[in-house]
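Architecture and fold: a report
Listed below are the residues making up each chain.
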Amino acid sequence: MINTPSMAALAACLLSPLAVQAGGYQTPPPELQALVDAPRPPLQSLSPTRQLVAQIHRPGLPGIADVAQPELRLAGLRLNPAMRAASRFDFGNAITLLDVNSGESRPARGLPAAARIADIAWSADGRRLAFSLWGPRGVELWLLDADSARARRLGDFHLNAVSGRGFAWMGDRLLVKLVPAGQGPAPAPSFTPAGPNIQESAGGQVSQTRTYPDLLKTPYDADLLDYHLSSQLALASLDGKLGLVGKPDRFLGVAPSPDGRYLLVTRLQRPYSTLVPISRFPQRVEVMDLRGRSAHLVNQRPLLERMPSGNDAVETGPRDVEWRADAPATLFWAEAQDGGDPARDSKVRDALFLQAAPFQQPPFKLQELASRFADIKWGRDDLALVSEYWWKTRELKTWRARPGQPQSQPELINSRSSEDRYADPGAPVTKLGRYGQPVLDAGADGKQLYLFGEGASPEGDRPFIDRYDLDSKQTTRLWRSQAPWYEQPLALIDPQAGLALVSREKTDEPANLYRLKLDQPASLRQLTRFTHPTPQLKAVSKRQLRYQRADGVALTATLYLPPGYDARRDGPLPLLMWAYPTEYKSASAASQVSDSPYRFNRIGYWGPEAMLARGYAVLDDPSMPIVGEGDKEPNDSYLPQLKASAEAAVNEVVRLGVADRERIAVGGHSYGAFMTANLLAHTRLFRAGIARSGAYNRTLTPFGFQSEERNFWQAKNVYQTMSPFNYAEQIKDALLLIHGEADNNPGTFPIQSERLYQALQGLGGAARLVMLPAESHGYRARESILHMLWEEDRWLDRYVKHAKPRAAD
């Protein structure tokens, strides 16, 4: 006799919380859909001559059919096999050339219909713009003539853009990486296993490897990676003719020397790994001539499966290899002097080296550093700016080096904590040097630098332009953003004449480009006229809040209120708080004011501001500092500080009368989602939570997460205490979990949301799990974004907007 389930049993299964709910993608109310379909501003690129701005116009969001196209996930790479390119879904569809002097705008002609423009690069003389375009059979290379504004395809070849954009200017030619001619089809998979896939550790050496996605799993994966990375180097003239350089190989990077005589190439080599991504595979770094012959071996780097522990750990041997931008063909690199191990005592952590072509002489040691090399800006033989950084202490130093004067000693220019935004002197301005590479702009007399800074201050961000005298080391302020505008310097059009290109915006006007004479504020000339993308929300009000945590740490947040809202007339509103915790080494740095009250109120679909269209108040980015001063680790007191910050934020909006304490939700993305689950597990401050693409069980990220250096076995109690999964039984308020099924972020694997949902469901909690097909850590398809907003709107309406006061516990 065959046993069949009763109708009651079938109904119970269908109504079970575990049952998969059908219905497809949903669309939110029109006021939310309008945010998704609002026009997007173009991407803008200033020419090297500072005379033209290329504006890359973008259509609406891609559809799910585009996002869900076949994709390979190999060794940390995600690539489109049909295009031989890294996966991407956001393209330009038109180009406009804007004249910085006249404000005249000219559309590019000759583009194909429904163009998909990917990467762009100006020629050094500013006469041409090269760009890659995804065509029907592969990635094509195109040129736009700046004088005629006419675009044309260069040759009939296809680029390999799996690693890098696939093209770079070399004077009046282009260095390209091509799909090899006659390569044949990709390796075919075998459906019959050749044997087990085995990993083995020989033991004896401690290493710290974080959890990476998209790793190689089988020998077939390795063969497929080889196939798609294989490319042929070539030089393309402006008429499209090609001159091949060497033979096809697995090139990860190629950089021409400033004088165009050599190529610095990085080749991928075997053996590969199933534990780490491609960035830690073996590499051969060498210099080639233009016929493809090896001129100098720089480094033969081994597989880096094992690395010292800590955020200041680096590989041994030459790293950060590049060309010196102000010399014809001189190599630069950094090299660890402590074995790359921050736990090892060493007065010298890194040394910097130079070696000039033809590479017959030994390398010249430019400088020794007491911490890790961070950056270098080239100027001339007596001027380079070297930055070093030590993460553990957040100490950041900048030195003046003299690369052409071997006996000189470096001069300290600036020393500060990287967390101290108020003390940030700004970034030096560069220009194109004699070899067409960016070098420091030292003014007409060569004795000064220009600095662009964010201008963080107790009154908010006030960007500035300074002039720094290299001899006296004194700074003169040339210009500063003035309220009620938020203005950002973008370029010095003519430093001697004091002409600058700036972006200006204020709360109800989007950012536009202006031409400005620094000492004449009235000289402003508007170059672009972008209109408000969501005029229906133009009357949204914004206020920068400043308040204190119980332990005295000063906090900031941005409060948004819906159009037409009046607190006295309308009373408290339901409120959505959206945040992201940040670690600090000092309470004073954590207390600094961030952002500006004068920025444009861009009400988009991604952040919490979308809910203004549905009548909610929004508290965006309330400070959630996690402070660990001195030898203390921030995460040792993560929960008490998190709860105190959240409580202070709630108390402040309630004190202002804009929020109802009984109708507040909290949300966040990634580490903000982790925060959300913790706040619901350890407080009753919120009626609901929205957690997107988060991690909730820290034992699944045992070798560190976010800024945590210690592994699980070194700090078991910290990992366990910070894991909201361990306290799922304490989550009494409704939690909406959203996650991309193809999340590529280390640590936020989809299983994190799945397991937390299973725990909440089994414990009788109010929870909903939404897995978005084909989506990564950030969601891209229009259908996915619309559905995300539909879910969030329904969740808040159900559990927050109409919530009744809780019964006394």
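Quick note: structure is the one above.
Presented here is a report on the structure given in the accompanying data block. (Residues numbered from 1 in each chain as written. Predicted model: local features only at pLDDT ≥ 70, side-chain atom pairs only at ≥ 80, totals over all residues. Heavy atoms only, no water.)

To continue, consider the sheet that holds strand E14 (residues 230-236). The sheet built from seven strands is open, its strands ordered E12-E13-E14-E15-E16-E17-E18 with antiparallel pairing. Two strands lie at the open edges of the sheet, namely strand E12 (167-170) and strand E18 (294-301), each paired on one side alone. This sheet shows a mean twist of 35° between the axes of neighbouring strands, independent of strand direction. Relative to strand E16 (residues 262-268), strand E15 (residues 242-256) runs antiparallel, the two sharing five bridges. When the sheet's bridge partners are listed, valine 254 is paired in E16 with valine 265. (Pairing = 2+ DSSP bridges. Helix = DSSP H or I, 4+ residues; strand = E, 2+ residues; numbered from the N terminus. Axes fitted to C-alpha atoms, helices over the stretch in contact; angles between N-to-C directions.)

This part takes up the environment of phenylalanine 89. As for its position among the elements, phenylalanine 89 is in the loop between strand E5 (85-86) and strand E6 (94-99). Residues phenylalanine 89 and alanine 118, spaced 29 residues apart in sequence, show a C-alpha to C-alpha distance of 9.3 Å. Beyond its immediate stretch of four places on either side in the chain, phenylalanine 89 contacts Pro62, Asp66, Val67, Gln69, Glu71 and Arg780. (Contact = heavy atoms within 4.5 Å.)

It is worth spelling out the pattern of salt bridges at this point. Tallying each qualifying case throughout the model produces 57 salt bridges. Note that aspartate 350 is salt-bridged to arginine 372, the shortest N-O span being 3.1 Å. Of this pair, aspartate 350 sits in strand E21 (residues 350-356) while arginine 372 sits in strand E23 (residues 372-380); the two residues are 22 residues apart in sequence, bridging distant segments of the chain. Taken together, the salt bridges that share partners define one network made up of Arg319, Asp320, Asp338, Arg349, Asp350 and Arg372. (Salt bridge = Lys/Arg side-chain N within 4 Å of Asp/Glu carboxyl O.)

Right, let's get into the nonpolar core. Among the nonpolar cores identified, the biggest contains 59 residues, and Leu559, Leu575, Leu619, Tyr638, Val653 and Phe686 are the most heavily contacted of them. If you look at the next biggest cluster of nonpolar residues, it comprises 32 residues, including Val36, Ile603, Ala734 and Leu796. (Core = buried A, V, L, I, M, F, W, Y, C linked by side-chain atoms within 4.5 Å. Buried < 20%, exposed > 50% of the residue type's maximum accessible area, 1.4 Å probe, protein only.)

For strand E34 (residues 499-506), a buried count of seven out of eight residues is recorded, marking the element as mostly surrounded by other parts of the structure. Across seven bridges, the pairing between strand E33 (residues 486-494) and E34 is antiparallel. Along E34, the bridge assignment pairs leucine 492 with alanine 500. With antiparallel pairing between neighbouring strands as the criterion, E33 and E34 make up a hairpin whose turn holds four residues, including glycine 498 at a positive phi of roughly 75°. With antiparallel pairing between neighbouring strands as the criterion, E34 and strand E35 (residues 509-517) make up a hairpin whose turn holds two residues.

Moving on, we get to the environment of glycine 426. Residue placement: glycine 426 occurs in the loop between strand E26 (411-417) and strand E27 (427-428). Note: C-alpha distance between glycine 426 and leucine 451 (25 residues apart in sequence) is 5.3 Å. If we ignore the near neighbours within four places in the chain, the residues touching glycine 426 are Leu451, Phe452, Gly453 and Phe464.

In this section: helix H7 (residues 638-655). Taking 1.5 Å of rise per residue, 18 residues should cover 26 Å, and H7 covers 26 Å from first to last C-alpha, within 8% of that figure. When H7 is considered as a whole, its buried residues turn out to be Tyr638, Leu639, Gln641, Leu642, Ala644, Ser645, Ala646, Ala648, Ala649, Val650, Glu652 and Val653. Immediately downstream of H7, the backbone of glycine 657 shows phi near 80°, a positive value. (Expected span 1.5 Å × (residues − 1).)

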